[in-house]
Amino acid sequence: MATPKAIKGLSRNAAARAIVSWIVSIYVRLANSTTTWTSEGSEAAQKYWEKDTPFIGCFWHGRMIMMSSNWHPDRPLHMLISSHPDGKFIARVVRLLGFNTLEGSTRRGGADALRAMLRTLKDGGSIGITPDGPHGPRMRVSPGALMLAKLSGAPLLPTTFSSTQGKVFGSWDRFFLAGLFGKGVFLWGEPIHVPRDADDTEMERLRQKLEDDLNALTAEADRRCGRDSVTPADPVAEDDEGEAA
């Protein structure tokens with residue numbers, strides 16, 4: 001598999017981006033199909049899927065690519081991906097895996113992205129969002145996800161994965177790509193509801209809760225798979241490598 005640095009260079013070329021994204025999508029499907037997955041804590045997600053109730057799935061940027069095995073195959077998911085060239089590469093992979101994409105960022109061009117997500121939720125589609133994307137700090141929640149939940153009324157639902165096989169890359173997000181023939185686990189947390197009248201203090205409390213829940217879930221998933229936990233970045237750090245999605 002190409003490294004994130006190599007992909008970063010290829011992603012600037014449209015033809016190379018198409019070829020490499022196809023190869024990556026084939027590999028992800030193969031890794032997903034050869035991994036023995038278990039899922040825990042998905043009761044809330046199952047309830048929302050059964051009732052066609054939209055929600056906001058939250059997962060770290062470094063854990064996004066294997067989520068195709070963590071989602072109901074008959075329920076639409078729209079993933080927010082940045083318009084940066086690296087983001088276009090990831091968006092193509094995501095579409096090849098069967099998901100819809102929305103272009104934008106909760107940080108850059110945030111108003112347009114927010115409107116697109118609100119329309120999607122209103123129309124009954126769920127949103128997948130990486131609250132530490134597109135450029136970090138790693139495993140730190142930005143306010144955009146909380147604002148989306150507040151305005152839409154849709155719950156935030158944290159989820160993550162890990163596997164006994166795979167590689168954690170040295171990219172800003174410590175991107176984890178599952179290997180073949182491993183044992184993997186998907187973990188879900190409890191829904192987080194953001195009241196429409198939440199003030200700044202409540203918004204910060206819920207932002208911290210989402211961050212803590214996601215980090216705890218990810219650490220537990222890694223522990224179960226015998227992996228070292230990935231450490232969240234300094235919350236005030238800015239990482240120039242994190243321009244992907």
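So, a few notes on the structure that sits alongside this text.

About the criteria used
Note that residues are indexed from 1 along each chain, following the sequence as it is written. A pLDDT threshold of at least 70 governs which residues receive local features in this predicted model, and a stricter bar of 80 or more applies before side-chain atom pairs are shown or counted, although totals over entire chains, interfaces and linings include all residues. Only hydrogens and water are set aside; all other atoms, that is, all heavy atoms of the structure, feed into the side-chain values. Any carboxyl oxygen of Asp or Glu that lies within 4 Å of a side-chain nitrogen of Lys or Arg is treated as forming a salt bridge with it. Only DSSP runs of H or I covering at least 4 residues are called helices, and only runs of E covering at least 2 are called strands; the numbering of each starts at the N terminus. Burial classification: accessible surface area is computed with a 1.4 Å probe over protein chains only, and a residue below 20% of its type maximum counts as buried, one above 50% as exposed, and the rest as partly exposed. The term nonpolar core refers to a set of buried residues drawn from Ala, Val, Leu, Ile, Met, Phe, Trp, Tyr and Cys, joined through side-chain atoms within 4.5 Å. Any pair of residues with heavy atoms lying within 4.5 Å of one another is described as a contacting pair. Here the term cavity refers to a set of points on a 1 Å grid, laid over the protein atoms alone, in which a 1.4 Å probe fits but cannot get out; the term pocket refers to an open set having protein on both sides within 12 Å along at least five of seven lines, with lining residues being those that place an atom within 4 Å of a point. Grid points are joined across faces, edges and corners, and a volume is the space filled by probe spheres set on the points. For this classification, the nonpolar set comprises Ala, Val, Leu, Ile, Met, Phe, Trp, Tyr, Cys and Pro, the charged set comprises Asp, Glu, Lys and Arg, and every other residue, Gly included, is treated as polar. Each C-beta atom gives one direction from the helix axis, and the arc is the one those directions make. Should DSSP find at least two bridges between two strands, the strands are taken to pair.

## A look at the pattern of salt bridges
Okay, so step 1: A complete count under the given rule lists eleven salt bridges for this structure.
Okay, so step 2: Close ionic contact of Glu40 with Arg224 constitutes a salt bridge, the shortest N to O distance being 2.7 Å. Taken as a pair, Glu40 in strand E1 (residues 36-40) and Arg224 in helix H7 (residues 200-224) lie far apart in primary sequence, 184 residues in all.
Okay, so step 3: According to the relative accessible area criterion, Arg224 is partly exposed, its value standing at 39%.
Okay, so step 4: When the shortest N-O distance is used, the salt bridge between Glu211 and Arg207 registers 2.9 Å. Of this pair, Glu211 and Arg207 both sit in helix H7, separated by four residues, roughly a single helical turn.
Okay, so step 5: Glu211 sits in the buried class, given a relative accessible area of 3%.
Okay, so step 6: We classify Arg207 as buried; its relative accessible area is 13%.
Okay, so step 7: Linked by salt bridges that have partners in common, Glu40, Glu220, Arg223 and Arg224 make up one network.

## Overview of the nonpolar core
Okay, so step 1: Grouped together as the largest cluster of nonpolar side chains are 36 residues, with contacts concentrated most on Phe55, Met66, Met79, Phe161 and Leu177.
Okay, so step 2: Those elements that place two or more of their residues in this core are helix H2 (14-34), helix H3 (43-50), strand E3 (77-81), helix H4 (85-96), strand E6 (156-163), strand E8 (176-178) and strand E9 (183-188).
Okay, so step 3: For Met66, the residues in contact, after removing those within four places along its chain, are Val28, Ala31, Asn32, Phe161, Leu177, Ala178 and Phe186.
Okay, so step 4: Formed by 26 residues, the second largest nonpolar core is a distinct cluster that contains Trp60, Leu80, Ala113 and Ala145.

## Brief notes about empty space enclosed by the protein
Okay, so step 1: By the definition in use, this model includes two cavities of 30 Å³ or more.
Okay, so step 2: A volume near 50 Å³ is recorded for the second largest cavity.
Okay, so step 3: Counted by class, the lining of the second largest cavity contains three nonpolar, two polar and five charged residues.

## Quick look at H3
Okay, so step 1: For H3, the set of buried residues is Ala44, Ala45, Tyr48 and Trp49. An end-on view of H3 places all buried positions within 135° of arc, on one side of the element. In H3, those exposed residues whose orientation departs by more than 90 degrees from the buried face are Glu43 and Glu50.
Okay, so step 2: Asp52 sits one or two positions beyond H3 and adopts a positive phi of about 55°.

## Looking at the pairing of E9
Okay, so step 1: In terms of residue burial, E9 counts as a mostly covered element, since five of its six residues are buried.
Okay, so step 2: Direction of pairing for E1 relative to E9: parallel, over a ladder of five bridges. The residue bridging Thr36 from the neighbouring strand is Lys183, located in E9.
Okay, so step 3: Pairing analysis gives five bridges linking E6 to E9, with the strands arranged antiparallel. Across the sheet, Phe161 pairs through a bridge with Phe186, a residue of E9.

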